Structure formats: structure tokens, C-alpha cells
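Listed below, chain by chain, are the residues.
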Amino acid sequence: FFLDIAWWYYQYQRDKIEDELEMTMVCHRPEGLEQLEAQTNFTKRELQVLYRGFKNECPSGVVNEETFKQIYAQFFPHGDASMYAHYLFHAFDTTQTGSVKFEDFVTALSILLRGTVHEKLRWTFNLYDINKDGYINKEEMMDIVKAIYDMMGKYTYPVLKEDTPRQHVDIFFQKMDKNKDGIVTLDEFLESCQEDDNIMRSLQLFQNVM
Amino acid sequence: MAAGVAAWLPFARAAAIGWMPVANCPMPLAPADKNKRQDELIVLNVSGRRFQTWRTTLERYPDTLLGSTEKEFFFNEDTKEYFFDRDPEVFRCVLNFYRTGKLHYPRYECISAYDDELAFYGILPEIIGDCCYEEYKDRKRENAERLMDDNDSENNQESMPSLSFRQTMWRAFENPHTSTLALVFYYVTGFFIAVSVITNVVETVPCGTAPGSKELPCGERYSVAFFCLDTACVMIFTVEYLLRLFAAPSRYRFIRSVMSIIDVVAIMPYYIGLVMTNNEDVSGAFVTLRVFRVFRIFKFSRHSQGLRILGYTLKSCASELGFLLFSLTMAIIIFATVMFYAEKGSSASKFTSIPASFWYTIVTMTTLGYGDMVPKTIAGKIFGSICSLSGVLVIALPVPVIVSNFSRIYHQNQRADKRRAQKKARLARIRVAKTGSSNAYLHSKRNGLLNEALELMGTPEEEHMGKTTSLIESQHHHLLHCLEKTTGLSYLVDDPLLSVRTSTIKNHEFIDEQMFEQNCMESSMQNYPSTRSPSLSSHPGLTTTCCSRRSKKTTHLPNSNLPATRLRSMQELSTIHIQGSEQPSLTTSRSSLNLKADDGLRPNCKTSQITTAIISIPTPPALTPEGESRPPPASPGPNTNIPSIASNVVKVSAL
């Protein structure tokens with residue numbers, strides 16, 4: 001008898017969850033291929049390949065943060081990529097709606113892979129600027145750097161020490177913060193990066209990823 | 001990394017730009033993109049149904065057939081597609097695996113067919129998705145059980161010749177249907193068990209008595225008769241137990257087994273009664289011992305499968321039974337305590353103590369309600385009603401589990417029985433089909449032979465007997481023919497008319513099994529004595545077969561080319577005997593032939609040591625396949641005979 005009660009309750013809860021799921025099942029279709037081709041630097045073929053992969057993982061046509069994190073985590077099995085994915089997601093989600101449509105995805109990828117140096121740097125600045133106030137302060141940078149170190153995982157050589165991220169951020173700020181006011185503006189960032197050959201070279205690294 | 005997210009790798013790499021400004025050192029070089037082919041569609045033609053997919057989809061799993069270069073073996077240049085001559089239904093599942101990364105098992109598919117397909121495509125079944133994995137494992141287990149059953153029964157049938165007397169006896173005890181004697185024994189013991197149980201029961205029934213004396217139970221009135229009956233039964237049981245003990249493969253294990261304990265307990269009271277008769281002190285204990293005679297009824301469990309299943313079920317539901325017992329005990333104690341204290345106040349209450357209340361609680365919880373103890377106070381009545389209500393629940397809980405277990409085991413048994421029954425029909429069908437095909441071969445041979453014979457005889461009008469065999473059949477027959485030629489043996493056509501006519505051409509005919517064995521045995525038996533001609537004359541047919549077998553070895557080559565010489569040779573064959581080589585050569589011949597010792601049946605056939613230059617009989621290693629496939633039943637006999645015979649009859653044919 002008690003088993004029956006328990007069973008009925010469990011079913012009831014499950015039905016509730018199903019109702020909730022149904023409401024979030026939204027479908028979105030991207031704009032036409034030609035439009036996207038015009039807006040981005042990808043060819044039709046590349047867009048097709050991208051969309052196929054996108055639709056495979058996200059049949060509903062939009063990526064939410066959870067899925068985004070899961071997908072990104074698959075590439076970094078040893079560490080915890082969730083924080084960096086979180087920041088990435090918010091960089092991709094320009095309209096802050098909480099979901100990334102294919103157009104946003106492709107636009108961002110177009111900048112990252114086929115954009116000019118200026119565009120790439122601007123995008124990166126946007127990534128670092130967590131609260132999107134136009135300035136990067138030390139706390140934001142700290143978060144980003146920690147997120148990057150988290151992706152490495154626990155088992156590293158040499159072992160990650162407590163203040164390594166902090167030192168890293170300090171170096172960064174020394175390089176980027178021209179007027180030493182504790183924040184990095186977009187212009188400072190752009191200028192500093194363009195002065196650094198390493199960064200310039202590495203930005204060109206992923207030119208041919210597609 | 002799951003296959004699907006491989007498409008997201010460009011995104012992940014692009015996102016790495018975010019690390020660049022933070023990095024202090026230069027980045028490593030990107031791997032050179034080897035000539036990137038544009039992703040192309042490839043066509044997979046599976047038995048006519050065309051599937052198309054991207055090449056990269058298939059390359060997600062490079063250690064499977066489709067993902068590796070192995071599929072190039074199936075590439076059809078003309079149609080520029082990959083052709084697989086396999087089941088398209090299962091291929092659908094396989095291709096979906098590449099697409100989605102999840103392998104599903106469709107319920108309508110046969111498990112062994114599915115396994116075969118997976119093995120072909122190089123996919124491990126372990127990666128079947130969770131959604132279908134349980135179903136797959138269940139089906140696989142059932143299939144394995146079926147195979148085990150088949151193997152077991154096969155083994156049972158094949159191991160007959162090598163059992164000792166003791167083992168045959170044990171088998172007879174365990175499986176009464178194996179031999180008539182065992183069946184008789186089985187029924188006799190069953191009858192005596194029934195007799196014993198009935199006498200136990202009837203013993204206590206009061207029979208009518210002579211007026212004036214007290215009514216006696218039958219046991220005391222006809223005590224002699226009952227004693228005789230009891231003695232007889234116990235005799236039978238004792239003998240049976242001792243026989244089982246003798247035949248058991250592991251006596252220690254047998255003694256510990258349940259059935260043997262029951263047997264012992266069933267017959268002990270009698271012997272104890274014999275030993276201690278008329279001893280007043282222990283007669284009370286002796287009477288109790290007679291109770292154990294009722295255990296004889298458990299001996300029926302050997303006879304009844306249902307009883308065995310019930311016992312097995314109870315054993316397998318031990319945990320549920322334990323739970324039932326435990327919960328009952330808990331409830332009994334609780335309610336007994338409550339009832340005791342509730343009824344304490346009332347006068348002349350039957351609930352004198354808590355253990356006394358146990359009886360009430362049990363009777364109430366099992367809804368028996370004898371009414372010998374009833375609560376009188378209101379509180380007692382309330383608690384009593386709660387007790388009975390909860391009793392129903394507590395008892396009803398584990399019972400369905402036990403019932404379902406019993407049902408499952410019972411159905412399993414039924415399935416096994418059904419399989420066994422169907423197996424007989426299935427084997428019969430297979431045998432019919434086999435003999436049908438072999439008959440077809442014989443028939444065609446007959447036609448072929450007749451044709452050849454008729455060529456020999458020169459009667460052309462009967463030549464066209466109608467070669468109605470299809471291409472496949474003719475190829476098959478050709479194959480069998482090649483086998484015959486290879487082995488130098490042939491099969492005997494079981495047709496007197498034909499054998500008369502084609503006695504000269506017995507060289508390459510297929511013998512059917514019984515004739516062969518019979519011939520072999522008889523011929524070997526007869527050819528042991530050195531006198532050859534009597535044996536020859538007395539059994540021309542047999543010896544000719546043996547001869548023919550040997551002559552095949554010699555004349556198989558000329559046979560095909562020189563029919564005329566064949567005739568001649570056969571005629572000469574029946575009259576020529578040559579004293580063969582002695583023992584050592586025989587043994588060496590045997591060893592050189594690498595034959596088993598039980599091929600002693602064919603000493604005459606192994607005439608490889610003829611030193612006469614007339615014939616060189618090729619050593620018949622080809623005999624071994626036949627030798628191995630037909631274990632001669634009476635192997636011990638001829639084997640012992642061989643060494644004792646100095647000479648060996650060797651029949652050769654002169655070319």
C-alpha cells in the first residue's frame with residue numbers, strides 16, 4: 001500500500017518535470033544561407049559544415065549555457081572548463097538573452113577566425129571585460145586567468161601554486177596598463193597587444209582552422 | 001571525445017584566442033592541415049539499399065570497418081560506391097551509430113544475426129546505448145542458455161561409449177528416461193514410496209473391531225501385515241540408497257545432498273525400531289521417530305518436477321522469505337505487547353502473558369480468527385482490528401515476489417522442455433534434408449555411373465538417362481566426387497540391382513554408414529583367420545566391398561581413364577590374396593598413418609606394407625577422416641586380436 005503511494009508521488013513529480021521541459025523546447029531557425037554568407041567571412045560550404053555540427057549538438061537551433069559548457073568540457077577532459085565556458089558564452093551571447101543562436105555563433109567565429117587583428121583584439125577585450133563596463137580591472141582578469149588555469153586540472157607539472165594566477169595577472173597588468181591606474185581600457189589593450197610580437201603571431205595561429 | 005562534437009573543434013580552437021593576450025610565451029605552431037579534402041558524400045550500397053553519408057561521419061570511428069581503409073575492399077569501381085552484401089535493416093542501426101554516437105538494438109532483430117552484423121562491421125556490442133542495453137543483454141543471456149542446453153544434451157548423447165558401469169548406473173538414476181531398466185526402477189520406487197506413505201496413514205485409522213474390545217487402529221489389529229509391508233518398503237529403499245551410494249561419482253557430496261539425507265531419515269526409524277524393541281524407556285522416543293517416516297513423501301520430489309521447482313523457488317526466494325519472517329515477527333511482538341497491556345485490565349482475560357498473546361496475534365494477522373482468545377476491552381478491540389488489518393498487508397507484500405519467481409522458473413523449465421521436444425522434430429527434419437541431398441547425389445551418381453557402365457557395356461540407347469541436375473547440384477556433386485577421388489574411397493550404392501551391374505565400378509561410390517560399418521566389422525572379423533578363400537567365397541559381397549575399398553586406392557587413377565582395365569582389375573581382385581606383412585610393419589603402418597588405435601577394425605584396409613612390387617598402395621591417410629568420424633563400436637575386440645595374428649590378410653589388386 002505504501003509502495004503504491006510512493007509510486008504515485010514519483011509519477012506525479014515526473015509529470016511535473018515533463019511539463020516544464022515542454023515549455024522550454026523552443027525551436028529557432030537561422031536566417032538564410034546567403035544572408036549569413038554576406039554577413040560573415042565564411043563561404044557557403046563552410047557555413048554548411050558549421051551548421052551541421054551545430055544542429056547535431058543542438059537540434060533546437062539554440063545553445064544554452066549548459067549545453068555550451070558540456071560541449072566545451074568535452075575538449076578538456078582533465079580539468080574544469082566550466083568557468084571559461086561561462087565567460088565564453090557571455091562573450092558569444094552579445095544580446096545577453098541566455099541562449100546563443102546560430103547567427104551569433106557564426107558571427108563570433110567569423111571574427112575569431114577570419115577577422116582582422118583589430119576585430120580579434122576587440123573581441124578578446126570583450127571577453128575579458130566580464131561586466132561589460134568597458135574596462136578590465138584586476139578582479140576580472142583574476143577570474144579569467146583562474147578559469148584558464150582551472151582548465152588544466154589538478155595533475156599538472158609543475159604543480160600549480162596558490163599565487164601563480166596572481167603573478168600572472170600582475171605581469172599582464174604591467175604589460176597592458178599603461179597609465180598604471182589599475183584598469184585596462186580598450187585603447188591601452190589594443191596598443192599593448194600590437195606592440196607584443198608574440199601576441200600578434202599567436203593571433204594568426206588559427207587562421208586556417210576551418 | 002564524442003563524435004558529434006568533433007564538428008565543434010573549430011569553435012574550441014577559435015575560442016583559444018582568448019588565451020593569447022594572457023600568455024607569456026609564444027604558442028606552438030599549428031599542425032599543418034594536410035590537403036584538406038572537401039567533405040564528400042559517399043554512397044554505401046547495402047544489398048541494393050543505398051545509404052549516403054559524409055566521409056567524415058564514417059571517419060569518426062577509425063577502428064571499425066567503415067571508418068578505416070578496410071572499406072576500400074568493398075569499393076565497386078564501376079558504380080563508385082561501396083557495396084556490402086549484408087542486411088540493410090541492421091546496417092541502418094550501424095550507420096546511425098556513426099551519426100549519433102549511440103548504438104541501438106532493435107527489438108525485432110534476432111540477437112545472433114545482430115551480433116554477426118556487429119562483428120562484421122567491427123563494432124563492439126558493449127557500446128550499445130543504455131536505452132537498449134538491458135534488452136540486448138537479456139536476449140543474449142537467453143540465447144546463451146539455449147546454446148548451453150543444446151550442448152548439454154549433445155554431450156549427453158555423445159558420451160555414451162566411454163562410461164563405466166558405475167557411471168551408466170548413475171546416469172540411469174538421474175535420468176530415468178535414458179534406458180528402459182532405469183524407467184522400470186523409477187516406477188517401482190515410486191510405487192513403493194506411495195505404498196509406504198499410504199500404509200503410514202492407514203495404520204492410524206481405527207478399524208472396526210470385534211464387539212466388546214476397544215476400537216483399535218488398523219496398525220495394531222493387523223500388525224503383522226503392516227510390519228511386513230513396512231519391511232518390504234524399507235528393503236527397497238535401503239537397496240536403492242545403497243545403489244545410489246555406490247554409483248555416485250562423488251560419494252562425499254552425495255552423502256551431503258538433501259535427497260540422500262531424506263532417504264536416510266526415511267529408513268532410519270525402521271532400523272532403530274528393530275534394534276530397540278520392547279524397551280519401555282525409549283519406546284516413547286521411538287514413537288516420535290516414526291514421525292520421520294512421513295519424510296518418505298519427500299522422496300517423491302525426485303519423481304515430480306513441480307515439487308523440485310517449488311523447492312528451488314523457495315530456495316531462491318530465501319531473502320524475500322526472510323524479510324517476510326522478519327517483518328511478521330516484528331509485527332507480532334508489537335501487537336502482542338499492545339494487546340497484552342490493553343487487556344490487562346479486564347478480568348478473566350485470556351491474555352495472561354505476552355507470549356500467550358503471540359498466539360492471538362498470529363491467528364489474527366493471518367486472518368484465521370479461531371476465536372479462542374478475543375479481546376474484551378474497547379482498547380483491546382481497537383488494537384485487535386488494527387492488528388488484523390495490518391496483518392493482511394504485511395503478508396501480502398512478499399508473496400507476489402515469491403509467486404513471480406516461481407512463475408519465472410516454471411516457465412523457464414517449460415521452455416527447456418519445449419525446446420527439447422522441438423529439437424527432436426528439428427533434427428528429424430534436418431536428417432531428412434541431408435539424406436535428401438545425399439540421395440540426390442547418389443541418384444546423379446547412379447545416372448552417371450550407369451552412363452559409364454553403359455558405355456562400357458556398349459548400350460548406347462540407355463545413355464541418356466536425363467541429367468536433370470542443376471548447375472549448383474552438379475558443382476556440388478563434382479565436389480563430392482573430388483573428395484572421393486582424393487581419399488581414394490568411395491561410397492557404396494545401396495541398390496542390389498545396381499551393385500550387381502556396377503560391381504566392377506564399386507570403386508567410387510558412396511557407402512552409406514551402416515553398410516560400411518557392418519562390412520568393415522564383418523570383414524575384419526572374417527579375415528583374421530589366415531584362410532582367405534573360404535571367407536571370400538562365403539561372403540563375396542562383404543569382401544568385395546573391402547576389396548573395393550582397397551582397390552579404390554590403387555585404381556582410382558586408372559579408373560577415370562581406363563574403364564576397361566577397371567573391369568579386369570576388379571575381377572582379378574576377388575581372387576588375389578597376398579600374405580601380408582607381419583606385426584611390426586602393421587604397427588609402423590599404423591603409426592605412419594597416424595591412425596587411432598581403434599582403427600584396428602580395418603587391418604585389412606591398411607595394406608600399405610606390401611613389399612611386393614605389384615602394387616604400391618598409397619598409404620591411406622585419407623582413411624583417417626573416415627576412421628575418425630566413425631568410431632567403431634566394438635573396438636576393444638579387434639585391437640587385441642591384431643597383435644596375436646602373425647599374418648595379416650592383405651588383399652591387393654593387380655593392375
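Residues numbered from 1 in each chain as written. Chains lettered and ligands numbered in written order. Predicted model: local features only at pLDDT ≥ 70, side-chain atom pairs only at ≥ 80, totals over all residues. Heavy atoms only, no water.

- An unreviewed UniProt entry lists chain B under the name Potassium voltage-gated channel subfamily D member 3, with Capra hircus given as the organism.
- A UniProt comment under Catalytic activity (unreviewed entry) is attached to chain B, and it reads "K(+)(in) = K(+)(out)". (UniProt positions renumbered as here; feature names shortened; annotations may be inferred.)

- An unreviewed UniProt entry annotates chain A as Potassium voltage-gated channel interacting protein 1 of Capra hircus.
- We quote the UniProt Subcellular location (unreviewed entry) comment for chain A here in full: "Cell membrane".
- Regarding chain A, the relevant UniProt record gives this comment under Sequence similarities (unreviewed entry): "Belongs to the recoverin family."

1. A few points about the overall build of chain B
For step 1, the next point in the chain: In terms of helices and strands, chain B carries 26 helices and six strands.
For step 2, the next point in the chain: Residues counted as buried form 38% of the 655 residues belonging to chain B.
For step 3, the next point in the chain: The long-range fraction of contacts in chain B, counting pairs at least 24 apart against all pairs at least 6 apart in sequence, stands at 65%.
For step 4, the next point in the chain: Entry remark: accessible area of chain B is about 36900 Å², with carbon and sulfur atoms responsible for 63%. (Helix = DSSP H or I, 4+ residues; strand = E, 2+ residues; numbered from the N terminus. Buried < 20%, exposed > 50% of the residue type's maximum accessible area, 1.4 Å probe, protein only. Contact = heavy atoms within 4.5 Å. Areas by Shrake-Rupley, 256 points an atom, 1.4 Å probe, with all protein chains shown as cover.)

2. Quick notes on the UniProt feature "domain: EF-hand" (unreviewed entry) in chain A
For step 1, the next point in the chain: Using the residue numbers shown here, the UniProt feature "domain: EF-hand" (unreviewed entry) corresponds to residues 80–115, 116–151 and 164–199 of chain A.
For step 2, the next point in the chain: Counted over residues 116–151 of chain A, helix gives 72% and strand 8%. Its end C-alpha atoms are 28 Å apart.

3. So, the UniProt feature "transmembrane region" (unreviewed entry) in chain B
Residue and element names in this part refer to chain B.
For step 1, the next point in the chain: Taken from the UniProt record, the annotation "transmembrane region" (unreviewed entry) applies to residues 181–202, 222–243, 255–276, 321–342, 354–370 and 382–403.
For step 2, the next point in the chain: Annotated as residues 255–276, this span is 91% helix and 0% strand, and its ends, taken at the C-alpha atoms, are 25 Å apart.
For step 3, the next point in the chain: Secondary structure across residues 321–342 comprises 100% helix and 0% strand; the distance between its end C-alpha atoms is 31 Å.

4. Details of the pairing of strand β2 (residues 49–54) of chain B
Residues and elements named next belong to chain B.
For step 1, the next point in the chain: Two elements, strand β1 (residues 41–46) and β2, share six bridges in a ladder whose sense is antiparallel. Each residue of the ladder has a partner; that of Asn45, found in β2, is Arg50.
For step 2, the next point in the chain: Hairpin connection of β1 to β2: two residues between the antiparallel strands, including Ser47 at a positive phi of 50°. (Pairing = 2+ DSSP bridges.)

5. Here's the deal with a nonpolar patch on the surface
All names here are of chain B.
For step 1, the next point in the chain: Together, Phe227, Leu274, Val275 and Met276 line one region of the surface with nonpolar side chains, adding up to about 380 Å² of accessible area.
For step 2, the next point in the chain: Tracing the backbone through its elements, the reader meets Phe227 in helix α9 (residues 223–247).
For step 3, the next point in the chain: Since its relative accessible area comes to 45%, Phe227 is described here as partly exposed. (Patch = residues over 30% accessible without salt bridge, like charges linked within 9 Å, V, L, I, M, F, W, Y side chains within 5 Å. Salt bridge = Lys/Arg side-chain N within 4 Å of Asp/Glu carboxyl O.)

6. Points about the packing of aromatic side chains
The geometry of an aromatic ring pair comes down to the distance between the two centres and the angle between the two planes.
For step 1, the next point in the chain: Summed over the entire model, instances satisfying the criterion amount to 45 aromatic pairs over all chains.
For step 2, the next point in the chain: With centroids separated by 5.6 Å and ring planes inclined at 65°, the aromatic side chains of Phe97 of chain B and Tyr98 of chain B adopt a geometry described as edge-to-face.
For step 3, the next point in the chain: By relative accessible area, which is 3% here, Phe97 of chain B ends up buried.
For step 4, the next point in the chain: By relative accessible area, which is 0% here, Tyr98 of chain B ends up buried.
For step 5, the next point in the chain: Site record: aromatic cluster; members linked through ring pairs are Tyr51, Phe54, Phe68, Tyr72, Phe76, Tyr84, Phe89, Phe92, Phe102, Phe105 and Trp123 of chain A together with Phe11 of chain B.
For step 6, the next point in the chain: Lys138 of chain A extends its terminal NZ or CZ atom over the ring of Phe173 of chain A, reaching a point 5.6 Å from the ring centre.
For step 7, the next point in the chain: If you follow Arg86 of chain B out to its NZ or CZ, it ends over the ring of Phe120 of chain B, 4.0 Å from the centre. (Phe/Tyr/Trp six-rings, centres within 6.5 Å; stacked < 30°, edge-to-face > 60°. Lys NZ or Arg CZ within 6 Å of the ring centre and 35° of its normal.)

7. Side note on the pattern of salt bridges
For step 1, the next point in the chain: By the definition in use, this model includes 18 salt bridges over all chains.
For step 2, the next point in the chain: Residue Glu46 of chain A is joined to Arg114 of chain A by a salt bridge in which the shortest nitrogen-to-oxygen separation is 2.9 Å. Residue Glu46 of chain A is located in helix α3 (residues 44–57), and its partner Arg114 of chain A is located in helix α6 (residues 102–114); the two are separated by 68 residues in the primary sequence.
For step 3, the next point in the chain: Sharing partners across several salt bridges, the network here consists of Arg107, Glu135 and Arg139 of chain B.

8. Details of the sheet that holds strand β4 (residues 81–84) of chain B
For step 1, the next point in the chain: Strands sit in the order β2-β1-β4-β3 (chain B) across an open sheet of four strands; the sheet is mixed. The sheet terminates laterally at β2 and β3 (75–76) of chain B, the two strands that pair on one side only.

9. Remarks on the interface of chain B and chain A
For step 1, the next point in the chain: Between chain B and chain A, the contact holds 36 residues from the first and 46 residues from the second.
For step 2, the next point in the chain: Summed over both partners, the interface of chain B with chain A buries about 3600 Å², with 70% contributed by carbon and sulfur atoms.
For step 3, the next point in the chain: Joining chain B to chain A, the criterion identifies zero salt bridges.
For step 4, the next point in the chain: Connecting chain B to chain A are two residue pairs in polar contact (both at pLDDT 80 or more).
For step 5, the next point in the chain: Counting residues per element, the side of chain B that touches chain A draws most heavily on helix α1 (residues 9–15) of chain B, which supplies seven residues.
For step 6, the next point in the chain: Among the residues forming the side of chain B that touches chain A, the class breakdown is 26 nonpolar, four polar and six charged. (Buried area = accessible area lost by both parts, 1.4 Å probe. Polar contact = N/O pair within 3.5 Å; in protein donor to acceptor, adjacent residues only side chain to side chain. Nonpolar A, V, L, I, M, F, W, Y, C, P; charged D, E, K, R; others polar.)

10. Here's the deal with the side chain of Glu188 of chain A
Residue and element names in this part refer to chain A.
For step 1, the next point in the chain: Secondary-structure assignment places Glu188 in helix α10 (residues 186–195).
For step 2, the next point in the chain: Within the buried core, Glu188 has no salt-bridge partner, and the shortest N-O distance to an opposite charge, that of Lys178, equals 8.3 Å.
For step 3, the next point in the chain: Polar side-chain contacts of Glu188 include one of 3.3 Å to the side chain of Asn179.
For step 4, the next point in the chain: Ignoring anything within four residues of it in the chain, the contact list for Glu188 reads Met176, Asp177, Lys178, Asn179, Asp181 and Ile183. (Lys, Arg positive; Asp, Glu negative; His and termini not counted.)

11. As for the confidence of the model for chain B
All names here are of chain B.
For step 1, the next point in the chain: This prediction gives chain B a mean pLDDT of 70; 61% of its residues lie at or above 70.
For step 2, the next point in the chain: The element-level mean pLDDT for chain B is lowest in helix α25 (residues 623–629), coming to 38, with β2 highest at 92.
For step 3, the next point in the chain: The low-confidence segment residues 523–655 (pLDDT under 50) makes 197 contacts with residues lying over four places distant or belonging to another chain.
For step 4, the next point in the chain: Prediction confidence for the complex, expressed as pTM and ipTM, is 0.49 and 0.79 respectively. (pLDDT = per-residue confidence, 0-100.)

12. Brief notes about the packing of helix α5 (residues 82–92) of chain A against helix α8 (residues 138–152) of chain A
Residue and element names in this part refer to chain A.
For step 1, the next point in the chain: Contact geometry for α5 and α8: axes closest at 7 Å, N-to-C directions at 130°. When the interaxial angle is binned, α5 and α8 end up oblique. Along the contact surface, α5 presents Met83, Tyr84 and Tyr87, while α8 presents Asp143, Ile144, Ala147, Ile148 and Met151.
For step 2, the next point in the chain: Residues that form the contact of α5 with α8 fall into these classes: seven nonpolar, no polar and one charged. (Axes fitted to C-alpha atoms, helices over the stretch in contact; angles between N-to-C directions. Parallel < 35°, antiparallel > 145°, perpendicular 65-115°, else oblique.)

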